[in-house]
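# Report on the structure
Next come the chains, spelled out residue by residue.
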Amino acid sequence: MTETRRKIFLGVAWPYANGSLHIGQVVGAYLPPDIFARYHRTAGNDVLMVSGSDCHGTPITVRAEEEGVSPGEIASRFHEEFLESWERLGISFDLFTTTSTDNHASVSQDIFLKLLERGDIYEGTMTLPFCTVEGRYLLDRYVEGTCPHCGYEGARGDQCDNCGRVLDPIDLVQRRCKFDGSEPELRDSRHFFHRLSAYNDRLRDWLAGKDFWRKPVVNWARGWIEEGLKDRAITRDVTWGVRIPVEGWDDKRIYVWFEAVIGYLSAAIEWADRSGDSEAWRRFWQDPECRHFYFIGKDNIPFHTLIWPAYLMGYADAKGEPYNLPYDVPANQYQTIKGSKASTSRRLAVFVPDYLSRYDPDPLRYYLTATMPEMQDSDFTWTDYVRRNNDELVATWGNLANRVLTFAYRNFDRQVPQPGELTDEDRAMMARAEQAIRDTGEQIEACHFRAGLEAAMSAARDANRYVEDNAPWKLIKEDRERCATVLYTAIAAIAGLNVALSPYLPFTCQTLHGYLGNEGPLQAVGWRFVPPQAGQPLAEAQPLFKKLDPKIVDEEEARLGA
Ligand SMILES: [Zn+2]
Ligand SMILES: [Zn+2]
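The notes below deal with the structure included here. (Residues numbered from 1 in each chain as written. Chains lettered and ligands numbered in written order. Predicted model: local features only at pLDDT ≥ 70, side-chain atom pairs only at ≥ 80, totals over all residues. Heavy atoms only, no water.)

A separate point is the coordination of the zinc ion (ligand 2). Note on the zinc ion (ligand 2): its protein donors are Cys147 (SG), Cys150 (SG), Cys160 (SG) and Cys163 (SG). The metal-donor distances range over 2.3 Å. Here the zinc ion (ligand 2) is ringed by four donor atoms whose angles at the metal span 105 to 117°, and the overall shape comes out tetrahedral. Here the donor residues of the zinc ion (ligand 2) share one chain and are spaced in sequence as C-x2-C-x9-C-x2-C. Placement of the pair is cysteine 150 in the loop between strand S6 (143-146) and strand S7 (155-156) and cysteine 160 in the loop between S7 and strand S8 (173-177), with a sequence separation of ten residues. Residue classification places cysteine 160 among the buried residues on the basis of a relative accessible area of 1%. (Donors = N, O, S within 2.8 Å, 3.2 Å for Na, K, Ca; no water. Tetrahedral: all angles 85-135°; square planar, octahedral: opposite > 155°, others 65-115°. Helix = DSSP H or I, 4+ residues; strand = E, 2+ residues; numbered from the N terminus. Buried < 20%, exposed > 50% of the residue type's maximum accessible area, 1.4 Å probe, protein only.)

Okay, structure coming up:
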């Protein structure tokens, strides 16, 4: 092998462990990195994909207070559920940890102290809303009100869901306590701040080289810089979170948005420790050849394109060591449902455990990729899900594979038929499958996941046409040798397309790999076209996908909130 093994690091958004995952989160931040990681692993590259449950912050404490249990209990309940969801959806993390580990706390505290020593972090005073009914400071999500930027009335104290701006609670107009509706008083409190303003120019220069990013992402990041970056408070008046490593600050904690992004580094260190080579993280974080990709939804763009790079720049300077900055941040727009942003509280969402209790993972992965909101918002509907499952996945791909393999199995001694001389048409069909592998790979490398799927599916449509045109079920009676050649060609095309589709449909592609008579993981084939061996035994194929009854649409819509 002369080809070099490229190093790829994937940082995946840390979901708050405060409720079940819904498919809007899956399509936004979890399915894209899984496709990307599976492709790169199959291509033989060195991949590290990490994330974990965000166990801190008000989304957790609000739910804990509502249920009357500890925040830790909420976090561990949903962390366990997330692990099961990833497994069943095939989201192939190398490590999915949590922010509640000692390792994460010590890495976060080290970065905090290094930035404090070099003056990137300083002490100051923050004005905070204080609930006089409950006698406590109200953090971000404990306060609701009107967004000062867009006028949306349901904005939360950490962010406006309507315009995507990051907010502080005191930015809100007409503030109210989430729990008792009272208007909070404003009081001063001592806190630590991160000097983000000092990074305006360095971030602008760095972003100048990012014209290849998705337009909405780079435009958004540059827009914030032109407005002028502001220093941000990075501690809070809470007792749930990572301790501040400075004496006299026991009653406050590091803010979740300071430490959660540090999880990308701390998770890599934990992964290395678990692998038995505690220095292994350095090849991903300190080799400048390793490219870092961050997979997030659009609401997280400022944290990954500005704030986290600024921490890394300061930390690298303080340590005198390199730390890789993001290479690309292919953030997605939103997938709405019935035209609205998914809402857990209104149950306007399709929850992953609920979906998986009735349907298979690959059809969801297929549908979500085909409608992925890469450049603009897209909308989930059950009607479209059923249509794509039946018309595309079942009719185009599943039936092609099943029909050809079953016919060969029954008529050619349960083996890949021995072909006669190949015609130009046969060779063109095989070349088409080989080209689909290349095209899909190129699109995935560029984070164009929809286009990659379409490249494979359009070759599947051509393969169907090839089989229709050559009609092996007629040839079997007239010209057995030609029939064998056509089936051989079709099986070769199917094997090739199975490689191209494998990052998208990992479960059914592995099953099909077995029907084609192979043992071991499909990934071991590599990202290349390998024609089957004539005479190789086939296994008896079963349908890969189920046709769905359109009447499930009404049942599923009835389950959704409004
Ligand atoms: Zn209150
Ligand atoms: Zn807004």
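On to the coordination of the zinc ion (ligand 1), then. The coordination sphere of the zinc ion (ligand 1) contains the protein donors Cys131 (SG), Glu134 (OE), Cys177 (SG) and Asp180 (OD), at a distance range of 1.8 to 2.3 Å. Every donor counted, the four donor atoms about the zinc ion (ligand 1) form angles of 100 to 131° at the centre, which fits tetrahedral coordination.

Phe9, Leu203, Phe258, Leu265, Trp285, Trp308 and Trp397 are the most contacted members of the largest nonpolar core, which totals 180 residues. The dominant element in this core, judged by the number of residues it contributes, is helix H17 (residues 480-501), at 15 residues. When near neighbours in sequence (up to four residues on either side) are disregarded, phenylalanine 258 contacts Ser108, Ile111, Phe112, Leu115, Ile121, Ile234 and Tyr311. Counting residues in hydrophobic clusters, the runner-up holds twelve residues, among them Val62, Cys160, Leu172 and Cys177. (Core = buried A, V, L, I, M, F, W, Y, C linked by side-chain atoms within 4.5 Å. Contact = heavy atoms within 4.5 Å.)

Following the sequence through the fold, leucine 312 ends up in helix H10 (residues 301-319). Along the chain, leucine 312 and glycine 520 lie 208 residues apart, while their C-alpha atoms are 41 Å from each other. When near neighbours in sequence (up to four residues on either side) are disregarded, leucine 312 contacts Trp285, Tyr323, Asn324 and Leu325.

Attention shifts here to the sheet that holds strand S10 (residues 232-233). Hydrogen bonds between backbone atoms are what pair the strands of a sheet, whose relative direction is either parallel or antiparallel. On the basis of which strands lie adjacent, the open sheet formed by four strands has the order S5-S4-S9-S10 and antiparallel pairing. Bordering the open sheet on either side are strand S5 (136-137) and S10, each of which pairs with just one other strand. Pairing analysis gives two bridges linking strand S9 (residues 185-194) to S10, with the strands arranged antiparallel. Bridge pairing in S10 places phenylalanine 193 opposite alanine 233. (Pairing = 2+ DSSP bridges.)

With that settled, the discussion passes to the packing of helix H13 (residues 382-411) against helix H19 (residues 552-559). Taken N-terminus to C-terminus, the directions of H13 and H19 make an angle of 145°; their axes are 9 Å apart at the nearest point. Helix-helix and strand crossings are classified by hand; for H13 and H19 the assignment is right-handed. Contacts from Trp382, Thr383 and Val386 of H13 reach H19 at Ile552, Val553, Glu556 and Glu557. (Axes fitted to C-alpha atoms, helices over the stretch in contact; angles between N-to-C directions. Left-handed = near helix turned anticlockwise from the far one by under 90°.)

The next point concerns the sheet that holds strand S13 (residues 291-295). Taken in spatial order, the four strands of this open sheet run S3-S2-S1-S13, and their pairing is parallel. Every interior strand has two partners, whereas the edge strands, strand S3 (95-98) and S13, have only one. Between one strand axis and the next, the sheet turns by 20° as a mean value, whatever way the strands run. In the sheet, strand S2 (residues 46-53) pairs with S3 via four bridges, with the strands oriented parallel. Within S3, the position partnered with serine 53 by the bridge is threonine 98.

Looking now at helix H5 (residues 200-208). All of the buried residues in H5 are Asn200, Leu203, Trp206 and Leu207. Buried positions in H5, seen along its axis, are confined to an arc of 135° and lie on one side of it. (Arc of directions from axis to C-beta.)

What follows deals with the environment of tyrosine 327. The topology assignment puts tyrosine 327 in the loop between H10 and strand S14 (335-337). A relative accessible area of 24% places tyrosine 327 in the partly exposed class. For the pair tyrosine 327 and aspartate 549, spaced 222 residues apart in sequence, the C-alpha separation works out to 44 Å. The residues contacting tyrosine 327, other than those within four sequence positions of it, are Lys210, Phe212, Trp213, Arg291, His292 and Phe293.

So, about the packing of aromatic side chains. Under the counting rule described, the total for this entry stands at 40 aromatic pairs. Each ring, one from phenylalanine 9 and one from tyrosine 294, has its centre 6.5 Å from the other, and the planes form 65°; the classification is edge-to-face. In this pair, phenylalanine 9 sits in strand S1 (residues 7-12) while tyrosine 294 sits in strand S13, placing the two residues 285 residues apart along the sequence. On the basis of relative accessibility, which here comes to 0%, the residue phenylalanine 9 falls in the buried class. Between the aromatic rings of phenylalanine 130 and tyrosine 137, the centroid separation amounts to 5.1 Å while the plane-to-plane angle is 85°, which identifies the pairing as edge-to-face. By the ring-pair criterion, three or more aromatic residues cluster together here, those being Phe9, Trp14, Tyr264, Trp285, Tyr294 and Trp308. Across the ring face of tyrosine 334, the terminal group of lysine 341 is positioned such that the distance to the ring centre comes to 4.8 Å. In this arrangement the basic side chain of arginine 480 is found over the ring face of phenylalanine 412, its NZ or CZ atom lying 4.2 Å from the centre. (Phe/Tyr/Trp six-rings, centres within 6.5 Å; stacked < 30°, edge-to-face > 60°. Lys NZ or Arg CZ within 6 Å of the ring centre and 35° of its normal.)

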